[in-house]
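Results of the structural survey
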Amino acid sequence: MIMLPMLHSVSRTMRIFSPTILQSTNFLHTSNCCKAMAKEVKNKEEKIETSSLRLAKVSKTSASRCSIMKSEDHRMINKVLGKDFLIDIVVGHILGRKIKVHKVALESNITIFKENLRVIKRHELPENLSPELKVGRFTIENDEIIKHNWNKLITELNLKEQEFIKEIFEKTYKNKDFGLKKNVIGYFLSQGFSEVRLATEVFQRARILLCAKRGYFSPEEDKTILDFVDKEGKKWTKLSILLGRTSGGVLYNRYNLLTASKDNKCGPFAVDEDKLIIREVFAVSQNILEEGNVVKEDWETIGKKLQRNSLAVHSHWKYVLEPMLKRYEAGTLNIDMRK
């Protein structure tokens, strides 16, 4: 009761000062709005300037195309092409069309020879490459363009695809002329790319897309793995070339699975096993779906509890259980992601 007059006084004082406070607040608000508007205008101007520079760069890049026959090497090769080899027939066809290619790519007409089906790494290329050249990962769009142009080439020349693949991808002659011929095919396969790429890199990407084996191992491959290791040792890179696989690491894992203890269980995982794996993984790392990590020793412990090979358990988690849990968490478990 004693506080009521004081509260009344405070209330009255607030009513008196309210107009002043409101005016001050409105002034600050107006001032902040002006600053915000000025900042927004500045940002828009910067975006327009950046876009203009980007468009100018794109226009410059688009304008810097020339005929594939601009290269003296290509003119020399074209004079000596025969009709006995498929690669000569194909290269003659491409050069005869005088397709347009990026000038900067043509000026950097280097060739990289790789026996395996691995991507060309940046350190394998010259250090003084033009910054206009894109190096590294290919997009899904790039891969689709390569496949489209490949099919176009097969159709135009009425080629037998497997025979052509064997002729240009499986033979690895390390001489300049053969490398330049492969580059000519690389230029054709890159027609439609939005960025500038080295022809040798495009050719190697096509080789990976068309030749690399993926997925399950056949009984014949399993036998080859065991026989190879028994005779020549654990030379995974050499074995990957022999089998047409992209990674020696995959073969290392496959070999370990094939030579695992016969006491270990094989085949599909049961529901109870899935529950145990999930429980054990989350016991090790509660944030496993976000940033957690399970080390090799943990997988071995889980494998022993299941009487399964630790690599098999890890693969089942990585490719089956973890994606399923992430989809469940995202609310998309019952949605067909392929549609």
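Quick summary incoming for the structure in this document.

Definitions and limits used
- Residues numbered from 1 in each chain as written.
- Predicted model: local features only at pLDDT ≥ 70, side-chain atom pairs only at ≥ 80, totals over all residues.
- Heavy atoms only, no water.
- Helix = DSSP H or I, 4+ residues; strand = E, 2+ residues; numbered from the N terminus.
- Contact = heavy atoms within 4.5 Å.
- Areas by Shrake-Rupley, 256 points an atom, 1.4 Å probe, with all protein chains shown as cover.
- Axes fitted to C-alpha atoms, helices over the stretch in contact; angles between N-to-C directions.
- Parallel < 35°, antiparallel > 145°, perpendicular 65-115°, else oblique.
- Nonpolar A, V, L, I, M, F, W, Y, C, P; charged D, E, K, R; others polar.
- Phe/Tyr/Trp six-rings, centres within 6.5 Å; stacked < 30°, edge-to-face > 60°.
- Buried < 20%, exposed > 50% of the residue type's maximum accessible area, 1.4 Å probe, protein only.
- Polar contact = N/O pair within 3.5 Å; in protein donor to acceptor, adjacent residues only side chain to side chain.
- Expected span 1.5 Å × (residues − 1).
- Core = buried A, V, L, I, M, F, W, Y, C linked by side-chain atoms within 4.5 Å.
- Arc of directions from axis to C-beta.
- Patch = residues over 30% accessible without salt bridge, like charges linked within 9 Å, V, L, I, M, F, W, Y side chains within 5 Å.
- Salt bridge = Lys/Arg side-chain N within 4 Å of Asp/Glu carboxyl O.
- Lys, Arg positive; Asp, Glu negative; His and termini not counted.
- Charge placed at Lys NZ, Arg CZ, Asp CG, Glu CD.

1. Digging into the overall build of the protein chain
Assigned secondary structure in the protein chain consists of 14 helices and 4 strands. Within the protein chain, contacts between residues separated by at least 24 positions form 71% of all contacts whose residues are at least 6 apart in sequence. Accessible surface for the protein chain amounts to roughly 22600 Å². Of this, 54% is attributable to carbon and sulfur atoms.

2. Regarding the packing of helix α13 (residues 296-306) against helix α14 (residues 310-330)
With their axes 8 Å apart at the nearest point, α13 and α14 run at an angle of 105° to one another. Between α13 and α14, the angle falls in the class roughly perpendicular. Packed against α13, whose contacting residues are Trp-299, Glu-300, Ile-302, Gly-303 and Leu-306, the element α14 presents Ser-310, Val-313, His-314 and Trp-317 at the interface. Its residues assigned to classes, the contact of α13 with α14 comprises 5 nonpolar, 3 polar and 1 charged.

3. A short note on the packing of aromatic side chains
Any two aromatic rings considered together are summarised by their centre-to-centre distance and by the angle between their planes. Within this structure, the stated rule accounts for 7 aromatic pairs. Here Trp-150 and Phe-164 contribute two aromatic rings whose centre-to-centre distance is 5.0 Å and whose plane-to-plane angle is 10°, an arrangement assigned as stacked. Placement of the pair is Trp-150 in helix α5 (residues 140-157) and Phe-164 in helix α6 (residues 161-170), with a sequence separation of 14 residues. Here Trp-150 and Phe-164 have matching classes, each one buried.

4. Details of the side chain of Lys-114
Summarising the element assignment, Lys-114 is placed in the loop between α4 (103-107) and β3 (133-134). Polar side-chain contacts of Lys-114 include one of 3.0 Å to the side chain of Glu-124.

5. Topic: helix α8 (residues 199-211)
End to end, α8 covers 18 Å across 13 residues, agreeing with the expected 18 Å (1.5 Å per residue, within 8%). For α8, a buried count of 10 out of 13 residues is recorded, marking the element as mostly surrounded by other parts of the structure. When α8 is considered as a whole, its buried residues turn out to be Ala-199, Thr-200, Glu-201, Val-202, Phe-203, Gln-204, Arg-205, Ala-206, Arg-207 and Ile-208.

6. Details of the nonpolar core
Of all hydrophobic cores here, the largest spans 46 residues; its most connected members are Ile-68, Ile-94, Phe-164 and Ile-185. Broken down by secondary-structure element, the contributors of at least two residues to this core are α3 (86-97), α4, α5, α6, α7 (176-189) and α8. When residues of this core are assigned to their parent elements, the largest contribution, 7 residues, is made by α7. When near neighbours in sequence (up to four residues on either side) are disregarded, Phe-164 contacts Leu-86, Val-90, Trp-150, Leu-153, Ile-154, Leu-159 and Ile-185. Of all hydrophobic cores here, the second largest spans 14 residues; its members include Val-281, Ile-302, Val-313 and Leu-321.

7. Looking at helix α9 (residues 219-232)
Its 14 residues place the ends of α9 20 Å apart at the C-alpha level, agreeing with the 20 Å of an ideal helix rising 1.5 Å per residue. Along α9, the residues that are buried comprise Glu-221, Asp-222, Ile-225, Phe-228 and Val-229. The arc enclosing the buried residues of α9, seen along the axis, measures out at 135°, which places them on a common side. Opposite the buried face of α9, at more than 90 degrees from it, the exposed residues are Pro-219, Glu-220, Lys-223, Asp-230 and Lys-231. Of the surrounding secondary structure, the elements contacted by the buried residues of α9 are α10 (236-243) and α11 (248-258). Looking at the residues trailing α9, positive phi occurs at Gly-233, about 90°.

8. Regarding a positive patch on the surface
On the surface, a cluster of positive charge is contributed by Lys-70, Arg-75, Lys-79 and Lys-103. Residue class for Lys-103 comes out partly exposed when judged on its relative accessible area of 41%.

9. Overview of the environment of Gln-307
Turning to its location among the elements, Gln-307 is positioned in the loop between α13 and α14. As a C-alpha pair, Gln-307 and Asn-264 span 43 residues in sequence and 5.0 Å in three-dimensional space.

10. Digging into unusual backbone geometry
Despite not being glycine, Asn-158 has its phi angle at roughly 50°, a positive value. Structurally, the position occupied by Asn-158 is in the loop between α5 and α6. Note on Asn-158: relative accessible area 69%, which makes it exposed. Not every positive phi belongs to a glycine, and Gln-307 is a case in point at roughly 60°. Classification of Gln-307 by relative accessible area gives partly exposed; the value is 48%.

11. Topic: a nonpolar patch on the surface
Nonpolar side chains collect at one region of the surface, where Met-324, Tyr-328 and Leu-333 lie side by side and expose about 310 Å² of accessible area between them. Residue position: Tyr-328 is located in helix α14. Among the residues examined, Tyr-328 registers a relative accessible area of 61% and is labelled exposed.

12. Thoughts on the pattern of salt bridges
Once the charged atoms of two side chains with opposite charge are near each other, the side chains can pair. In this structure the tally under the stated criterion is 15 salt bridges. The shortest N-O distance in the salt bridge between Glu-221 and Arg-245 comes to 3.0 Å. With Glu-221 in helix α9 and Arg-245 in the loop between α10 and α11, the pair connects residues that are 24 residues apart, well separated along the chain. Residue class for Glu-221 comes out buried when judged on its relative accessible area of 7%.

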